[in-house]
Amino acid sequence: MNTVNVETPGGSYPIHIAAGRLDSLEQSIPDDATSIALVSNPTVAALYADRAKRALAKTGKRLVYIELPDGEAYKDWQTLNLIFDGLLQSRCDRKTVLVALGGGVIGDMVGFAASCYMRGVRFVQVPTTLLAQVDSSVGGKTAVNHPLGKNMIGAFYQPIAVEIDPDVLRTLPSREVSAGLAEVIKYGCIIDAPFFDWCEQNVAALRALDHDAVAYAIKRSCELKAYVVSQDERESGLRAILNFGHTFGHAIEAGLGYGHWLHGEAVGCGMAQAAELSAKVAGLDELGVARVRDLVHAIGCPVTPPNLGTDHWIELMQVDKKTEGGTLRFILLPEIGKAVFQSAPLDVLRQVLHSTAVPVL
Ligand SMILES: NC(=O)c1ccc[n+]([C@@H]2O[C@H](COP(=O)([O-])OP(=O)(O)OC[C@H]3O[C@@H](n4cnc5c(N)ncnc54)[C@H](O)[C@@H]3O)[C@@H](O)[C@H]2O)c1
Ligand SMILES: O=C(O)C(=O)C[C@@H](O)[C@H](O)[C@H](O)COP(=O)(O)O
Ligand SMILES: [Zn+2]
């Protein structure tokens, strides 16, 4: 088993990565827990809830199961309330431990529910998508979407453990694999040039879910995310680099309606756009722009953004959490493997949006 540790003021915890880990989930439940609330969705539950329940039952503790509808469109306040309904109806108390079994949508919502149920209870992340295993389960960003903006209502709240079983990825649709790979290559772009090179060389193996390639990608991604989050839990500086591609990507998600493009697809396309903007204002050379765009394409994500209309694009991007006093700020690349946080002149941004936009079919 590989273990990566995350250490933040809000909590320190292990990320355990091992094939078959799903069958040992009982090890993540503290002895003083009074009960366990497992939260999942119908898609994931049909595949993995029985195994998760069997493992958790080994604790001898009362087990409650709560099911949420599947999809980004349900990452909202109303669905969040279903978790509170379930917890209250089952008389869950302050020592109940929540277990999030699913992708980033389940993880972000269960984490947020844990942050505010009875003013805070413990929770465990059991990520079942590639995206969740390499990114969303680590670092304690929890949230729901608002129609006007992505992840706008939420909290920083760390899990007590992250339990990763890479074997569950075998049932993941290939479109979801591509979306997860967008967040994998993001780490290469912002902080680890050799990892970017490695991703370029191993694209086919990654898309085919080759065991060794995926194991390395998960481990390296978790190490890099743990390093960044441990330096800056609440995004007062360094952590913002994890938002590379997201100012564009979140605008695509909100602008098209949540769920039309997957988060990873929108971020992939957003990274290609951010690379183009980087060439105009942050010094990235044309080869760098081409390498980012080609790798996004090679992992199976779109590189041509939808035509949201330049003014609407800008309105949507202004809702971004990095915006300060109305000024849009971006994570840009002076070179592959290095990221900076800066604003960009509006006319230059308009050029990028204009040059890359094509009509939605
Ligand atoms: N908190 C963070 O730091 C962070 C980081 C990145 C993304 N996110 C958020 O994560 C969300 C995206 O997460 P996602 O890409 O995991 O999407 P998702 O949670 O919607 O899961 C994608 C789909 O795969 C299904 N699925 C999950 N595991 C499966 C498996 N093993 N086999 C078959 N199907 C499976 C799900 O039911 C769903 O239909 C977005 O809301 C995004 O904002 C959060
Ligand atoms: O963990 C982070 O920090 C990230 O920015 C990771 C992103 O991949 C993730 O999509 C995150 O939810 C975006 O954060 P937000 O603050 O822009 O909503
Ligand atoms: Zn993301």
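Residues numbered from 1 in each chain as written. Chains lettered and ligands numbered in written order. Predicted model: local features only at pLDDT ≥ 70, side-chain atom pairs only at ≥ 80, totals over all residues.

Looking at an unreviewed UniProt entry, the protein carries the name 3-dehydroquinate synthase, with the source organism given as Eoetvoesiella caeni. UniProt, in the comment section headed Function (unreviewed entry), describes the protein in these words: "Catalyzes the conversion of 3-deoxy-D-arabino-heptulosonate 7-phosphate (DAHP) to dehydroquinate (DHQ)." Taken directly from UniProt, the Catalytic activity (unreviewed entry) text for the protein runs: "7-phospho-2-dehydro-3-deoxy-D-arabino-heptonate = 3-dehydroquinate + phosphate". (UniProt positions renumbered as here; feature names shortened; annotations may be inferred.)

J.: Is there a simple way to think about the sheet that holds strand β3 (residues 35-40) in this case?
T.: Where strands meet in a sheet, backbone hydrogen bonds hold them as pairs that are either parallel or antiparallel. Taken in spatial order, the 7 strands line up as β1-β2-β9-β6-β5-β3-β4 in an open sheet, and their pairing is mixed. Since the sheet does not close on itself, it has two edges, and those belong to β1 (2-8) and β4 (62-67), each with one partner. The mean angle between the axes of side-by-side strands here comes to 15 degrees, regardless of whether they run parallel or antiparallel. In terms of strand pairing, β3 meets strand β5 (residues 96-102) through 5 bridges, oriented parallel. Looking at β5, one finds that V39 is bridged to A100. Of the strands in this sheet, β3, β4, β5 and β6 (123-127) are in contact with helix α1 (residues 42-57), which crosses β3 at around 160 degrees. Packed onto the sheet, helix α3 (residues 104-116) meets β3, β5 and β6 and runs at close to 165 degrees relative to β5. (Pairing = 2+ DSSP bridges. Helix = DSSP H or I, 4+ residues; strand = E, 2+ residues; numbered from the N terminus. Axes fitted to C-alpha atoms, helices over the stretch in contact; angles between N-to-C directions. Contact = placed C-beta atoms within 7 Å.)

J.: Whenever I open this one, helix α11 (residues 286-298) confuses me. Can you help?
T.: The periodicity of an α-helix, 3.6 residues per turn, causes residues three or four places apart in sequence to face the same way. For α11, which comprises 13 residues, the first-to-last C-alpha distance of 18 Å matches the rise-based estimate of 18 Å (1.5 Å per residue) to within 8%. All of the buried residues along α11 are G288, V289, V292, R293, L295 and V296. Along the axis of α11, the buried residues cluster in a sector spanning 165 degrees; they form a single face. In α11, the exposed positions that point more than 90 degrees away from the buried face belong to E286 and L287. As for α11, its buried residues are in contact with α5 (174-191), α6 (193-201), α10 (263-281) and β10 (329-335). A positive backbone phi angle near 100 degrees is found at G300, which sits one or two residues after α11. (Expected span 1.5 Å × (residues − 1). Buried ≥ 20, exposed ≤ 12 C-beta atoms within 10 Å, placed from the backbone. Arc of directions from axis to C-beta.)

J.: Sorry if this is basic, but what is going on with the domain arrangement of the protein here?
T.: In many reports, interface size means the accessible area that the parts give up when they come together. Segmentation of the protein into domains returns domain 1 (2-170) and domain 2 (174-356). A C-alpha centroid distance of 25 Å is found between domain 1 and domain 2. Each partner contributes residues to the interface: domain 1 has 33 residues there, and domain 2 has 30 residues. Secondary-structure elements contributing two or more residues to the side of domain 1 that touches domain 2 are β1, β2 (11-17), α4 (130-136) and β8 (149-156). (Domains from an automatic or database assignment.)

J.: So what exactly am I meant to see when it comes to the site of ligand 2 here?
T.: Ligand 2 sits among D135, G139, K141, K150, N151, E183, E235, R239, L242, N243, H246 and K321. Residue assignment places the shell around ligand 2 across two domains, with domain 1 (2-170) and domain 2 (174-356) each supplying three or more. (Near = placed C-beta within 6 Å.)

J.: What's the story with the packing of α5 against helix α8 (residues 211-231) in this structure? I'm lost.
T.: A packed helix pair is summarised by two numbers, namely the angle formed by the two axes and the spacing between the axes. For the pair α5 and α8, interaxial distance at closest approach is 10 Å and the crossing angle is 50 degrees. For the element pair α5 / α8, the angle class is oblique. Regarding α5 and α8, the two cross each other, and that crossing is left-handed. Counted together, V184, Y187 and I191 of α5 and A217, S221 and L224 of α8 form the full contact between these two elements. Broken down by class, the residue content of the contact of α5 with α8 amounts to 5 nonpolar, 1 polar and no charged. (Parallel < 35°, antiparallel > 145°, perpendicular 65-115°, else oblique. Left-handed = near helix turned anticlockwise from the far one by under 90°. Nonpolar A, V, L, I, M, F, W, Y, C, P; charged D, E, K, R; others polar.)

J.: I'm lost on the environment of P173 in this one. Help?
T.: If you trace the backbone, P173 turns up in the loop between β9 (161-164) and α5. Considered as a pair, P173 and Q27 are 146 residues apart in the sequence and their alpha carbons are 29 Å apart.

J.: How should the nonpolar core be read in this particular structure?
T.: Most often, soluble globular proteins have nonpolar side chains that are buried together. Membership of the largest hydrophobic core comes to 115 residues, with the highest contact counts inside it found for V39, L98, V99, M109 and V110. In terms of residue count, the dominant contributor to this core is α5 (10 residues). Each of two domains, domain 1 (2-170) and domain 2 (174-356), supplies a minimum of three residues to this core. With sequence-adjacent residues up to four places away left out, L98 is seen in contact with A37, V39, V110, A113, A114, V121 and F123. (Core = buried A, V, L, I, M, F, W, Y, C linked by C-beta atoms within 7 Å.)

J.: What am I meant to see in the site of ligand 1 here?
T.: Lining the immediate surroundings of ligand 1 are 32 residues, of which G103, G104, T128, T129 and S136 lie closest. Those elements that provide at least two residues to the shell around ligand 1 are α1, α3, α4, α5 and α10. Across the shell around ligand 1, the residue classes tally to 11 nonpolar, 13 polar and 8 charged. Split by domain, the residues of the shell around ligand 1 number at least three in each of domain 1 (2-170) and domain 2 (174-356).

J.: Help me understand the pairing of β1 in this model?
T.: Taken residue by residue, a regular strand's side chains alternate between the two faces of the sheet. As judged from the 7 bridges shared by β1 and β2, these two strands associate in the antiparallel manner. Directly across from V4, in β2, lies its bridge partner I15. Count of turn residues in the β1/β2 antiparallel hairpin: 2 residues.

J.: Teacher, can you tell me more about unusual backbone geometry here?
T.: Of all residues except glycine, most have a negative phi; of all peptide bonds, most are trans. Despite not being glycine, M118 shows a phi value in the positive range, around 50 degrees. With respect to the secondary-structure elements, M118 resides in the loop between α3 and β6. Residue class for M118 comes out partly exposed when judged on the 14 C-beta atoms lying within 10 Å of it. You will see that L209, though not glycine, has its phi angle at about 55 degrees, which is positive. The residue L209 is located in the loop between α7 (203-207) and α8 in this model. The exposure class assigned to L209 is partly exposed, which follows from the 15 C-beta atoms found within 10 Å.

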